[in-house]
Structure formats: structure tokens, C-alpha cells
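Geometric and topological summary
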Amino acid sequence: MKTEKFNYDLPEHLIAQYPSKNRVDSRLLACINEAEHRQFKDIASYMEKGDLLVVNQTSVIPARLHGEKSTGGKVEIFLERFLSHHQTLVQIKSSRSPKEQTQLNFCFDSKNFSAVVTGRQDNFFILEWASDPHEIFESFGEIPLPPYMHRSAEKIDEERYETVYADTQRKESVAAPTAGMHFDAQLLDEIKSKGVTLGYLNLQVGAGTFQPVKTELITEHQIHKELIEVDARLIDQIKQTKARGGRVIAVGTTSVRALETACQQDLQPFVGETQLFIYPGYKFKVVDLMITNFHLPKSSLLMLVAAFIGYEKMIDLYQLAIDKEYRFLSYGDAMLLKKNEI
């Protein structure tokens, strides 16, 4: 299948630059049997006793730093992941790509920090830090708003570019699992009161999630790797849910990717990297319903949605969302989708 089939015209004014006033105020395009236009706060009405709602508990690290090369040129670095206590994998923006052994210098609150470029890994750079980079990013990093938000991070993003259930002891992602940002504590309580069980996993969202597929054929694309943890407790919850005839409802494409990775051979706990690429033709083994935002043209996330509900339905729903002026991308509105059974 050609990548161009996943292109569509996304009007600039539909790309949400700020979150809705309240998390649950977002609109919801629900498509269980037919398309319905609702508010996200209504989503509990689609859930039933015995269902399992699976969320990604990852937390967002302030992943952007500004500094300069030892030669004086300005640099912006964007964290992909920590490799060790002194090494990171990053993207670097500068007038010229830094060479190996280039030193990068940073000054925050009159404190100086430095890192040396020690190698490359695909489009990323490996940095060796003179001090613990975890503390540097935690203390001085900026919230890593996606590139399609044409503004700097503000106070509101400290709260809203994060889910209410994020494990803030584990700041490991450089992008939020945005479908989960529509839930507030009250809505989660309402869902649990219906007899719906909550399950938790962890997928460390990397910057690769924003990269469009550039190959002519989607099968030629080398998808980004992400670290996931699906523990034994969640596996037991899934098995119990399926045994009683309940449904597994995944919040976000990250939860879908993690769950489907854990059952590639048999449904069992999984800790490690996933490079699972889900596109039309993939047979889903665990997930029955998915909650997701609207995704970029030619993105691997859009391809996952097409695999889940069918290509033609995806095209129709996205056109409907554009016609009805839904808000797109990270701070945008949401969809509730049922797996295509064909």
C-alpha cells in the first residue's frame, strides 16, 4: 500500500494550539455502529460492566534544552531517551550538524553544564554528559510541545500536557500519550462506578512518533522503537476480561501498540523495545475499542487507526471531522472506535 493513500488536507486552523478549558470539554467523535457527535464527558455511556480500560501511565520529561557549541553556535537539543546515567540520545538543531567530539555548553541559573557528541544513531546524536543528565533535564528542561504547536511552552502546559494518572516518578516520555489527557479524576470515578476495571502499562513515547512515513510504500518504512512495560497484573486483567466476555478498551495508540506487542506470540508480560508497525492488514489480538486523537497525515499512527477500523472508514471519519471542524492533534478532540471485525 502506498504512503500517499494516507495523505489528507489538514486545515491549519484545525490544529489545536491550546487545550480546551476543561479536560472533558473536548468533543468526541464516537463510531461504534455509526458516527455520533458527543462530548468527551459522555464517553462513560459507551462502557459496560466487565470492560477493561487500559491507560499508559508514562510521564513527560521536560525534554528541550538550549545551549551553544564550544565554537559559539547556538544549539537546541531534544531528548529522545536516556541511555545511561551519563548518556542520552537526542536530536540536535543547529546551523551546522555537530561533528563527533564537539562539546556543547549549557548555562542555567549561573550553573554550567556540558556534554560531548560521541556518536550517531540514525538521525539521533549520542551525548556524553559531565554530570547526571536526568537532573539537568528535570530542573532546566522545557516542556516538549510538538512541532505543530507554533508557540513556546506556557504555565498551562505544565498541568495539561500530561494525564491525571501519570506516574510522575517516572518521567521518561518526550511526548504525552494525548488521548489520555481528556480524562479527569471525576470521569475516571464515574467509569469505575459502572464496574469498569482500570489497567496500567508504560510506553515511553519517543520523538519518532511525530515523524511522517517518507517511503513510497508503507512496508518500506523503518518504524521508531519505543520502550514498553506490560506487567503480569495487566496480563491477568486482560485474561479475566476476555473470559467474562468484557472488552479491552485501549486509551491511545501507545496503549494499543504496547498491548499488541505483548501478545505477538502468546499473551504474556513484556518488558523491552517494541518496533511493531501496525498498518492495514494487521490482525488485532487484544484490543476491542480504542480512544484516540486525530493524527497527522502520512503518520504511522494514522495507519494504525486505518488498520483498526478499516481504511475506507478512516478516510470517511477524518473527512467528517474536518467538515464538522473538530480540533486535531495533541490538544485536539478525540475519537472512540470499534475494531473492524471483518
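My aim in this report is to walk through the structure given alongside it, one point at a time. (Residues numbered from 1 in each chain as written. Predicted model: local features only at pLDDT ≥ 70, side-chain atom pairs only at ≥ 80, totals over all residues. Heavy atoms only, no water.)

**Details of the overall build of the protein**
- What the protein contains, in helices and strands, is 7 helices and 17 strands.
- Dimensions of the protein, computed from the C-alpha atoms along their principal axes, are close to 60 × 40 × 40 Å.
- Counting all 342 residues of the protein, 56% fall into the buried class.
- Sequence-distant contacts in the protein: of pairs separated by 6 or more residues, those separated by 24 or more amount to 72%. (Helix = DSSP H or I, 4+ residues; strand = E, 2+ residues; numbered from the N terminus. Buried < 20%, exposed > 50% of the residue type's maximum accessible area, 1.4 Å probe, protein only. Contact = heavy atoms within 4.5 Å.)

**Let's talk about the environment of S152**
- Following the sequence through the fold, S152 ends up in the loop between α1 (133-140) and α2 (155-160).
- Since its relative accessible area comes to 56%, S152 is described here as exposed.
- A sequence separation of 10 residues divides S152 from E142, and the C-alpha atoms of the two residues are 8.7 Å apart.
- Ignoring anything within four residues of it in the chain, the contact list for S152 reads L145 and D157.

**Digging into α1**
- Residues of α1 that are buried include every one of P133, I136, F137 and F140, and no others. One side of α1 carries all its buried residues, which in axial view fall inside an arc of 100°. Residues E135 and S139 are exposed on α1 and point more than 90 degrees away from its buried face. (Arc of directions from axis to C-beta.)

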